[in-house]
Amino acid sequence: VDWMGDMCNHIYVSSPTEGIIYRISCQDPDKGPHVFLDGLVEPYGMTIDTETGNMFFLDGYSAYIVPINNATDFDEHHDKRIIATFETYPMFIRYDAHCERIFISEPDRNKV
């Protein structure tokens, strides 16, 4: 969920089988989901830093960062950047705002 103060701004949902991350408006959910990122390998996890307006997500063997605060000018080919790669599929990602770190698990290697 992307929060704007105390209000929900958007909800993001990943579909690993479809290779898509959807975006749903909290103010107008009746419009249904809109494709936010398409053509992904298997997007398994995501986390949002609401202070900077960035989403971190896992896809295939990599972790990415993408801005979510400017969706009208968003270009997934230019704005999506790899921040880490792994030897096995990472399955969990979490941003901790208190220590400003991202935690990613690699279950097949028993590592975080």
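Residues numbered from 1 in each chain as written. Predicted model: local features only at pLDDT ≥ 70, side-chain atom pairs only at ≥ 80, totals over all residues. Heavy atoms only, no water.

*Asks:* Whenever I open this one, the overall build of the protein chain confuses me. Can you help?
*Replies:* Secondary structure summary: the protein chain contains 1 helix and 10 strands in total. Counting over 112 residues, the protein chain shows a buried share of 39%. Carbon and sulfur atoms make up 49% of the accessible area of the protein chain, which amounts to about 7000 Å² in all. (Helix = DSSP H or I, 4+ residues; strand = E, 2+ residues; numbered from the N terminus. Buried < 20%, exposed > 50% of the residue type's maximum accessible area, 1.4 Å probe, protein only. Areas by Shrake-Rupley, 256 points an atom, 1.4 Å probe, with all protein chains shown as cover.)

*Asks:* How should I be thinking about the sheet that holds strand β7 (residues 62-67) in this particular structure?
*Replies:* Strand pairing in a sheet takes place through backbone hydrogen bonds and is either antiparallel or parallel in direction. Strand order across the open sheet formed by 4 strands is β5-β6-β7-β8, with antiparallel pairing between neighbours. One side of each edge strand has no neighbouring strand; the edge strands of this open sheet are β5 (43-49) and β8 (81-85). Strand-to-strand twist in this sheet, taken as the mean axis angle between neighbours without regard to direction, amounts to 25 degrees. In this sheet, β8 lies alongside β7 in antiparallel orientation, the contact comprising 4 bridges. Within the sheet, the bridge partner assigned to Tyr64 lies in β8 and is Ile82. (Pairing = 2+ DSSP bridges. Axes fitted to C-alpha atoms, helices over the stretch in contact; angles between N-to-C directions.)

*Asks:* Hey, could you run me through the pattern of salt bridges in this one?
*Replies:* Pairing of side chains with opposite charge becomes possible as their charged atoms draw close. Throughout the structure, instances matching the rule amount to 3 salt bridges. Asp28 is paired through a salt bridge with Lys31; the nearest N and O atoms lie 3.7 Å apart. Residue Asp28 is classed as partly exposed on the basis of its relative accessible area, which comes to 30%. Residue classification places Lys31 among the exposed positions, given a relative accessible area of 61%. Each of Glu87, Glu106 and Arg109 takes part in a single network of salt bridges with overlapping partners. (Salt bridge = Lys/Arg side-chain N within 4 Å of Asp/Glu carboxyl O.)

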